[in-house]
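# Structure assessment
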Amino acid sequence: MKIVKIIVFLFVSILSVTSCSNNESNKDEAVIYQCPMKCEGEKTFDISGSCSVCKMDLKPVKSTENTLNTEISDSSIFNLTTKWNTEEGVTIQLKELKGKTLVMVMIYTTCKVACPRLVSDMRSIEKQVFKRNLDDVLFVLVSIDPETDTPKRLKEFAIENYMDGEQWTFLQGTVSSVREFANVLAVKYKEISPIDFSHSNIISVFDKNGELVHQQEGLGVDNKETVSKIIETSRK
Amino acid sequence: MNIILKLLICVILFGGTGANGQSEMASIKGGVYIPLYGRDSLQVSIADFEMDVYPVTNQYYLEFVKNYPKWRRSKVISLFADKSYLIKWASDATLGEEQALNAPVTNVSWFAANAYCECQGKRLPTVDEWEYVAMANETQADARQIKTYNEYILSWYEKPKTFNNTIGSTFKNYWKVYDLHGLVWEWTSDFNSVLISGESRKDVDNDSNLFCGSAAVGATDLMNYAAFMRYAVRGSLKAKYTMRNLGFRCVK
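What chain B contains, in helices and strands, is nine helices and six strands. Considering chain B as a whole, with its 252 residues, one finds that 40% of them fall into the buried category. Taking the contacts inside chain B whose residues are at least 6 apart along the sequence as the reference set, 73% of them involve residues at least 24 apart.

Residues and elements named next belong to chain A. Most of strand 6 (residues 101–107) sits inside the fold, with seven of its seven residues counted as buried. On strand 6, burial covers both faces: Thr 101, Val 103, Val 105 and Ile 107 on one face and Leu 102, Met 104 and Met 106 on the other are all buried. Bridge analysis of strand 6 against strand 11 (residues 202–206) gives four bridges, and the strand direction is antiparallel. Bridged to Val 103 within strand 11 is Val 205.

A few words on the sheet that holds strand 4 (residues 83–86) of chain A. Residues and elements named next belong to chain A. Pairing is mixed across the open sheet formed by seven strands, whose spatial order is 5-4-8-7-6-11-12. Looking along the sheet, the strands with just one partner apiece sit at the ends: strand 5 (91–93) and strand 12 (212–217). Each strand axis lies, on average, 30° off the axis of its neighbour in the sheet, ignoring direction. Here four bridges tie strand 7 (residues 137–143) to strand 8 (residues 168–172), and the two strands are oriented parallel to one another. If you follow Phe 139 over to strand 8, its bridge partner there is Trp 168.

What counts, and at which threshold
Residues numbered from 1 in each chain as written. Chains lettered and ligands numbered in written order. Predicted model: local features only at pLDDT ≥ 70, side-chain atom pairs only at ≥ 80, totals over all residues. Helix = DSSP H or I, 4+ residues; strand = E, 2+ residues; numbered from the N terminus. Buried ≥ 20, exposed ≤ 12 C-beta atoms within 10 Å, placed from the backbone. Contact = placed C-beta atoms within 7 Å. Pairing = 2+ DSSP bridges. Axes fitted to C-alpha atoms, helices over the stretch in contact; angles between N-to-C directions.

What follows is the structure, given as structure tokens:
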């Protein structure tokens, strides 16, 4: 009986170890194809074939994972591989936001005290940035309550707060991905009751490569520095 | 009989090299207790779980970085660990001269600890879970009122360089778990839920419950100075920080 247990244990442990490493290698092996002349810009294809414009054979390039890793720096948030749902119900990874200046904040929609003020801070920043006609700035609100804040709930919240435009994105993660993301932002939070969280109020600005350039701490503080940082970053 | 022998050898080999990466675990029966910082309802309930008997050792961590090059000292990215990550190791896969294989691994960041546990099919304990198991002494599940228990912990805080000691060198507690006190501090999954850091004075909404000055008053057990120290350390950490006396263990 004991031996059976040992065998089962061995198999399970071997399986669990190999499965974890398999995931890694699969990612590395994923090959994508691209036109050698880049007729369609940076467009890539999952299967080999020929370019629809110049008819040349598509050339295999390194997986997205690898190409992006070489382009982004060590301290970029695009190194996070977790998946997020937007308020439109689309699943994305953070690196898909590459190329835009990101203004990020962590909130939850059932919040009564600080979040409305944080949200109004974000709107005030957005207003000031909007005047400058910057279309490559994205305002991202990440929910710290992934269980309550479903994409549907986030969409409703966006509409209620007049934040449903292109420049706004709301993200729902998982309990662990939110914890990891908060750690990257150095945001602290704690669940007080199922609908109430205590949390730090930090608005973070990231450049186009996902590197942190500025953090504004506190509620209702002067936004001037944050706004000028955003403008400066988006012009780079 | 032959098969049994082969199997035994196999088990010994696996156990000996730690190739399967699984360490011994103890079952913790859930319960209800009042932590240093109560929530609204004060009591926290803990579900049943399993906890590593010992902190993760250099040996196990060595296996991990061999299997996951991403976490080698030369490969780790600055988003996930600061410059002192595994700083005392001689190289990517060799320990420093003074380091023992079965001493707890330290100078690891939260991201690294989190990834290690995930790859074992485990996770880091929550602050509440960790404190729940750590409030036991040798014989009682909750020894926080006992003088010798508190004295032991505080005397450890005064002892230098206990991180060089090997695992199992402190006492086995009520839950058959070793080294929660007396060896190294340990990462918890939600260490960032403690709002007593510097910035929390100005930017946390619920400050009447949880912020620095009032935290001392809000603490449910003023005698528990040792626990207060732990919460203070957690509050001061960032996830990419690594410290000489900060290790971790996993739970399931």
